Each structure stands twice: as C-alpha cells, then as structure tokens.
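A closer look at the structure
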Amino acid sequence: AHIGVGIRGKEGSAAVQACDFAISQFMFLRNLMFCHGRRTYKRIATFLCFFMYKSAILGCCYIIYAHTVNFAGKLAFPEGLEAVFPPLTSTAAMIVFATDADCTDAIALQSPQLYSPGPQRAYMNLP
C-alpha cells in the first residue's frame, strides 16, 4: 500500500492536511522510512502470516472433528473458548512484536540494505 507523506513548507499546510503522515522537515523522511517503515512492515507481514497459519490450523481442527463425529453438528470446542481464542492469540503475537527489536535506529540509518526485504516482499512469502 502507498501512503502520503506531507512535508510542512513555504506553501502552507495543504499537503499536511491531506496526508497520512506529516513531518515538519524533509530530513525526517529518512527516519520515517528506514526506521519506522522497516519495522512496521516486518511486524505487519509477520502478523498476517501468523494470522493465516492460525486460521488454517483452526479450520483443519474443525474439519478433522467433523469427520470424527460423522458430521453430527456437535461443537468442536466450548463456546467460551471459541470467543476467547482469537483475542488471546492475537494479544500474544502483539506482545512479541512490541518487544521485538532487531537493531537500533542508528544502525538502521547507517545500513540502508536492511530496508531491502521490504521491496522484495521477503517477509510476505514462505521461506
């Protein structure tokens, strides 16, 4: 997805009012891309892969259980567990991602090659 970055300048604040992210100086664009953007892409891609695998495994459990009970229409899991399972697993993943730090911002700014997995979509593909 593409985002709009507005830079406040001599022209006024029209670009800032119509953008997704606003910065006050052009020099902050590097920090926005190479630090925040790189980390956010990695976290979102990993979360989406986690969500897809979690949903596929849960679906396989339902299919196996349905075959086991000869499609009798019985509940595979208690209703309370089905209501708690998605937020519980998502919260666990968010805690892991919130504490995840592969390198500091200073190293990320000095090493632009760390940004290269993003355009290559390396984290959204299977290993």
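Up top is the structure these notes are about.
Residues numbered from 1 in each chain as written. Predicted model: local features only at pLDDT ≥ 70, side-chain atom pairs only at ≥ 80, totals over all residues. Heavy atoms only, no water.

**What about the overall build of the chain?**
The number of helices and strands found in the chain is four helices and two strands. When the elements of the chain are put in sequence order from the N terminus, they spell out β-α-β-α-α-α. In terms of C-alpha radius of gyration, the chain reaches 21 Å, well past the compact-globule figure of 14 Å for 127 residues. A total of 127 residues make up the chain; the buried ones form 15% of that total. (Helix = DSSP H or I, 4+ residues; strand = E, 2+ residues; numbered from the N terminus. Rg over C-alpha atoms; globule rule 2.2 N^0.38 Å. Buried < 20%, exposed > 50% of the residue type's maximum accessible area, 1.4 Å probe, protein only.)

**Some details on the side chain of T89**
Inspection of the secondary structure assignment puts T89 in helix 3 (residues 79-98). In terms of polar contacts, T89 uses its side chain to reach the backbone carbonyl oxygen of P86, at 3.1 Å. Not counting the four nearest positions on each side in its chain, T89 is found in contact with F50 and K54. (Polar contact = N/O pair within 3.5 Å; in protein donor to acceptor, adjacent residues only side chain to side chain. Contact = heavy atoms within 4.5 Å.)

**Looking at helix 2 (residues 28-68)**
Each full turn of the α-helix corresponds to 3.6 residues, which orients residues three or four apart in the same direction. The end-to-end C-alpha distance of helix 2, which contains 41 residues, comes to 58 Å, matching closely the 60 Å that a straight helix rising 1.5 Å per residue would cover. A maximum bend of about 35 degrees is found in helix 2 at G37. For helix 2, the complete set of buried residues consists of L32, F34, C35, R38, A45, C49 and K54. Turning to helix 2, the residues buried within the fold contact strand 1 (5-7), strand 2 (21-23), helix 3 and helix 4 (105-110). Immediately downstream of helix 2, the backbone of N70 shows phi near 55 degrees, a positive value. (Expected span 1.5 Å × (residues − 1). Bend = angle between axes of the 7 residues up to and from the residue.)

**Digging into the side chain of K54**
Checked against the element boundaries, K54 lands in helix 2. Here K54 falls in the buried class, since its relative accessible area comes to 13%. Ignoring sequence-local partners within four residues, the contact set of K54 consists of F85, P86, T89 and S90.

**Description of the environment of S116**
Here S116 shows up in the segment after helix 4. Residue classification places S116 among the partly exposed residues on the basis of a relative accessible area of 31%. A C-alpha to C-alpha distance of 9.0 Å links S116 and R38, two positions 78 residues apart in sequence.

**Considering the pattern of salt bridges**
Applying the stated criterion to the full structure yields three salt bridges. Linking D105 and R39 is a salt bridge whose minimum nitrogen-to-oxygen distance equals 2.1 Å. One end of the pair, D105, is in helix 4; the other, R39, is in helix 2, and 66 residues separate them in sequence. The exposure class assigned to D105 is partly exposed, which follows from its relative accessible area of 36%. (Salt bridge = Lys/Arg side-chain N within 4 Å of Asp/Glu carboxyl O.)

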